[in-house]
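Observations on chain architecture
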Amino acid sequence: MTAPAIAPPNSSRSRTPPARGWTQWLVPEVRWAAIAVLLFALGAALQLAGTPAAVWWACYLLCYAAGGWEPGLAGLQ
């Protein structure tokens, strides 16, 4: 008598893979970079639209903070 075949725990049958093209969003650095790009684009659009300088400067500073807080924290540690 032979034992029944048991799939290893990491087999493709035990879990479904993430949807194709969305796996990069699982990385926190990618999400923070995307936020930084969106804030930069918003700041540039506001600057070109002629809004007050404080508004688009705030977007640029938030962009800088979103893109650099993690490396800055690592540097301080």
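Scroll up to find the structure this text is about.
Residues numbered from 1 in each chain as written. Predicted model: local features only at pLDDT ≥ 70, side-chain atom pairs only at ≥ 80, totals over all residues. Heavy atoms only, no water.

Thoughts on helix α2 (residues 53-76)
Every α-helix carries 3.6 residues per turn, so stepping three or four residues along brings you back to the same face. We count it as follows: Fitting axes to the seven residues that end at a residue and to the seven that start at it, the angle between those axes gives the bend at that residue. Starting at the N terminus, helices and strands are each numbered in turn, a helix being any DSSP run of H or I of at least four residues and a strand any DSSP run of E of at least two. The buried label applies to any residue whose accessible area, calculated with a 1.4 Å probe on protein chains only, is under 20% of its type's maximum; exposed applies above 50%, and partly exposed to all values in between. Pairs of residues are marked as contacts when any of their non-hydrogen atoms sit within 4.5 Å.
The principal kink in α2, of about 55 degrees, is found at glycine 68, preceding the proline proline 71 by one to four residues. Residues Trp56, Cys59, Tyr60, Cys63 and Ala66 constitute the buried set of α2. Taken together, the buried residues of α2 touch α1 (28-49).

Focus: a nonpolar patch on the surface
The condition is simple: Each patch is assembled from residues with relative accessible area greater than 30% and no salt bridge, linking like charges that lie within 9 Å and nonpolar side chains (Val, Leu, Ile, Met, Phe, Trp, Tyr) that lie within 5 Å. Note on areas: Shrake-Rupley with a 1.4 Å probe; residue coverage comes only from the protein chains shown. We count a salt bridge whenever a side-chain nitrogen from Lys or Arg sits within 4 Å of a carboxyl oxygen from Asp or Glu.
Together, Trp32, Ile35, Trp69 and Leu73 line one region of the surface with nonpolar side chains, adding up to about 350 Å² of accessible area. Of all elements in the fold, only α1 and α2 reach the threshold of two or more residues within the nonpolar patch. Here leucine 73 lies in helix α2. Since its relative accessible area comes to 40%, leucine 73 is described here as partly exposed.

Here's the deal with the packing of aromatic side chains
Going by this rule: In this scheme Phe, Tyr and Trp rings, the latter by its six-membered ring, pair at centre separations within 6.5 Å, and the angle between planes marks the pair as stacked below 30 degrees, edge-to-face above 60, and tilted otherwise.
Taken as a whole, this structure holds five aromatic pairs when the rule is applied. On the basis of an interplanar angle of 75 degrees and a centroid distance of 5.5 Å, the ring pair of tryptophan 32 and tryptophan 69 is categorised as edge-to-face. One end of the pair, tryptophan 32, is in helix α1; the other, tryptophan 69, is in helix α2, with 37 residues separating them in the sequence. Ring geometry for phenylalanine 40 and tyrosine 60: centres 5.6 Å apart, planes at 40 degrees, overall tilted.

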